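Given next are the chains, with one letter for each unit.
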Amino acid sequence: MTNQTFRILDCALIPIATGEKAQNLREFRDLLKKIHSGSIYYHFWGGLLHPHFDDPEFQNDFAVWASRDLHDPKLAEQLSIIDPNIYKNVEDLRNEVVEIIEERLSESDHVPWVKAGHEFDFIRSQIVIFDTGISYSDPEELIVSIPGMSLGSIFFHFIDARRRTQESKNDFSVWLKGFGDRYSGLVEDLDAIDPYFTTLNELRQEIHRVYSNSLKKASNGKSA
Amino acid sequence: MENLLEQYAQIVGNEVTDHIRQLANPLKGARILHVNSTKEGGGVAEILNRLVPLKRELGINADWEVITGEKEFYQCTKKMHNSLQGDRDDISSELLAIYEKTNLENFERLKDKLEEADIVFIHDPQPAAFLHYCTGRKGKWVWRCHIDVSHPYRPVWKYLREYIKGYDASIWSLSSFAQPLTHPLYLIPPSIDPLSDKNIELPENVVSEFLDSWGIKKDCPVITQVSRFDRFKDPIGVIRSYRLIKNYVPVQLVLAGGGATDDPEGSQVLQEVKAFAGNDPDVHILELPSDAHRAINALQRGSDIIIQKSLKEGFGLTVTEGLWKGKPVIGGDVGGIKLQVLNHYNGFRVNTPEGAAMRIRYLLKHRELMEAMGRNARQLVLDNYLITRHLREYLTLVVALLLGSEEKIELNYPAH
């Protein structure tokens, strides 16, 4: 992608079992410390692109396990509120999860276990990136394509971008910055979108709304 | 006439079929060979029946071969199947010798194809020993496990693992099934084919005709379990549930089973089920041939609730089929049913005949909930469990194996 062309890519994740399973909270902590960083990423973000039921109660797989299998609602809440966006990298995110587990272990006088068959299975993933063959050089044309973008495209450009781009930003913002200050308002609005606690479908709608509003403001004389 | 992919695009959208075309581009001309143990009956054969022609349409040189053996071979592989699902049943050295001999004979028959293929998919334990005999292979080999191996009987798994560990990758339906091995353990749930006779839309009059032909009444709710007659599917438990319901609500139970050529226990279990059901006119036990796909389709569509009260389950494609037809599903809390059925969302997961009876009574009393659950049910399958998603993941795996990519695979060309 050059500064002047935004090429719409799409992606799919294919999960791979690591073979590591935790049956109690201590094992879970120990495995978390050493598991492939792709596994931490997958368990925070992979759910967006994988089979799930509508309106999941918790936002990451660790919190879901704590709730459904460990039956520890306090831990589930503490894990669910972790916002993976605010960490510079996966290692910082990993440390935060481990810290919360350590804290919970120190509060308990026993190590919580799950029944056989309810272990936490650590999974990582491969990402496949597709080229849609569609590209835009004018930010005002791109807006038309947003409602029709696949959920994989939204994931790739808005979520996966955070681990690829220098400032951990979404691809739209990085591209728009290439136009100087012309779209600085739009960049600010896009950067303010919280991609967590949502579905990809909702995220697509929000990106479109923010993009439209910002360009409307621009056509009314303010900077986009 | 439209090609297959165009027909699927009408159901799943162009974006999905574009992904598939892109993935297939670097694989044009590649020789991909699937080997399993039956051409008909069972979910594996059904999936291969469509996956192979789809791959061919995409320009891939796909082929499918079936292993053959004597009665003792299938006795051995059935025992293997049951032991991998947790039965503590040792297999005699005589039977294992037949397993090895049959694998060797089949390998010799298919040697040229197996050695020349770029990718070989070996399905389930029956042909798993092929790799051991294949010293001159050119391609990558993948073992596809369709069964629940979450708690295998260790001696049997240990025996089989010696054959599996040399594969380049393995595929498991659920993460909890995956056994530790040094090669990549891909997680790919199976799928159903919305265009197949078993899942295609049927006119109401066709559904009615089938129900009439079996003597199923229209004015009385129908609860159906479609499964081969296998103890792990708990058909006796289903009849117990039915008896707990019929004291309160008029209801009909249908137990429909197709035969699979690799299941020698089926007829024995069927006799037990018939004896247990007795002469109750509202219990219909249907022995359907393995190719009675339209009949099963009609039966599922004509049912009010689908039940799949398995005690062990691989993925549970009959659950997927029921969900696709917009029916709430009462499923055992095992295997892939846990991935497909969520309480109050598209059905209920249960642990006992009593639990199944309670949930069915609840649903029959709240018909409006059944409709909402049915809508959720169909959407879940549309989003996640159709053959197009399955094909995409198989192709991804093949691309990853052939291109040797670890975490990221980039396909940098347009779809058309």
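Just so we're clear, the structure is a prediction, and the values are computed from it rather than from any experiment.

So, how was this worked out
Residues numbered from 1 in each chain as written. Chains lettered and ligands numbered in written order. Predicted model: local features only at pLDDT ≥ 70, side-chain atom pairs only at ≥ 80, totals over all residues. Helix = DSSP H or I, 4+ residues; strand = E, 2+ residues; numbered from the N terminus. Rg over C-alpha atoms; globule rule 2.2 N^0.38 Å. Buried ≥ 20, exposed ≤ 12 C-beta atoms within 10 Å, placed from the backbone. Contact = placed C-beta atoms within 7 Å. Domains from an automatic or database assignment. Nonpolar A, V, L, I, M, F, W, Y, C, P; charged D, E, K, R; others polar. Pairing = 2+ DSSP bridges. Axes fitted to C-alpha atoms, helices over the stretch in contact; angles between N-to-C directions. Parallel < 35°, antiparallel > 145°, perpendicular 65-115°, else oblique. Left-handed = near helix turned anticlockwise from the far one by under 90°. Core = buried A, V, L, I, M, F, W, Y, C linked by C-beta atoms within 7 Å.

1. A word on the overall build of chain B
Thinking step 1. Within chain B one finds 16 helices and 13 strands.
Thinking step 2. Scaling as 2.2 N^0.38, a compact globule of 416 residues should have a C-alpha radius of gyration of about 22 Å, and chain B matches this with 22 Å.
Thinking step 3. Each of the three principal axes of chain B carries a C-alpha extent, and together these read 65 × 55 × 35 Å.
Thinking step 4. Expressed as a percentage of the 416 residues in chain B, the buried residues total 53%.
Thinking step 5. Taking contacts inside chain B between residues at least 6 apart in sequence as the whole, the part at least 24 apart equals 69%.

2. A short note on the domain arrangement of chain A
Residue and element names in this part refer to chain A.
Thinking step 1. Splitting chain A by domain gives domain 1 (13–124) and domain 2 (138–219).
Thinking step 2. Taking only C-alpha atoms into account, the centre of domain 1 sits 29 Å from that of domain 2.
Thinking step 3. Across the boundary between the two partners, domain 1 contributes seven residues, which contact eight residues of domain 2.
Thinking step 4. Partitioned by chemical class, the residues of the side of domain 1 that touches domain 2 number four nonpolar, two polar and one charged.

3. Some remarks on the interface of chain B and chain A
Thinking step 1. Contacts between the two partners involve 31 residues from chain B and, on the opposite side, 22 residues from chain A.
Thinking step 2. Of all the secondary-structure elements, those providing two or more residues to the side of chain B that touches chain A are helix 2 (14–24), strand 6 (185–187), helix 16 (387–403) and strand 13 (408–411) of chain B.
Thinking step 3. Considering every element that reaches the side of chain B that touches chain A, the biggest residue donor is helix 16 of chain B, with five residues.
Thinking step 4. Within the side of chain B that touches chain A, the residues separate by chemical class into 17 nonpolar, eight polar and six charged.
Thinking step 5. One ladder, built from four bridges, connects strand 2 (residues 120–136) of chain A with strand 13 of chain B; its direction is parallel. Bridge pairing links Phe130(A) to Leu411(B) in strand 13 of chain B.

4. A look at the sheet that holds strand 6 of chain B
Thinking step 1. Pairing is mixed in the open sheet, where nine strands are placed in the order 2(B)-1(B)-3(B)-4(B)-5(B)-6(B)-1(A)-2(A)-13(B). Of all the strands in the sheet, just strand 2 (61–66) and strand 13 of chain B have a single pairing partner and so form its edges. Averaged over all pairs of adjacent strands, the angle between strand axes in this sheet comes to 25°, irrespective of strand direction.
Thinking step 2. Pairing of strand 5 (residues 169–172) of chain B with strand 6 of chain B, which is carried by three bridges, proceeds in the parallel orientation. Paired with Ser170(B) across the bridge in strand 6 of chain B is Leu185(B).
Thinking step 3. Seen against the sheet, helix 16 of chain B touches strand 1 (6–22) and strand 2 of chain A together with strand 1 (31–36), strand 3 (119–123), strand 4 (140–145), strand 5, strand 6 and strand 13 of chain B and runs at an angle of roughly 85° to strand 1 of chain A.

5. Description of the packing of helix 9 (residues 235–246) of chain B against helix 10 (residues 266–277) of chain B
Residues and elements named next belong to chain B.
Thinking step 1. In the contact formed by helix 9 and helix 10, the axes pass within 9 Å of each other and the chain directions differ by 15°. The pairing of helix 9 with helix 10 is recorded here as roughly parallel in orientation. The handedness of the crossing between helix 9 and helix 10 is right-handed. Touching Pro-235, Ile-236 and Ile-239 of helix 9 are Val-273, Phe-276 and Ala-277, all from helix 10.
Thinking step 2. Among the residues making up the contact of helix 9 with helix 10, the classes are represented as six nonpolar, no polar and no charged.

6. Side note on the nonpolar core
Thinking step 1. Ranked by size, the top nonpolar core spans 175 residues in total, and within it Val120(B), Val142(B), Trp172(B), Leu253(B), Leu395(B) and Val398(B) carry the most contacts.
Thinking step 2. Looking at this core element by element, the count peaks at ten residues for strand 1 of chain A.

7. Re the environment of Val249(B)
Residues and elements named next belong to chain B.
Thinking step 1. In this fold, Val-249 is placed in the loop between helix 9 and strand 8 (252–258).
Thinking step 2. Val-249 sits 228 residues away from Arg-21 along the chain, and the two C-alpha atoms are 51 Å apart.
Thinking step 3. Excluding anything up to four places from it in sequence, Val-249 contacts Arg-361 and Leu-364.

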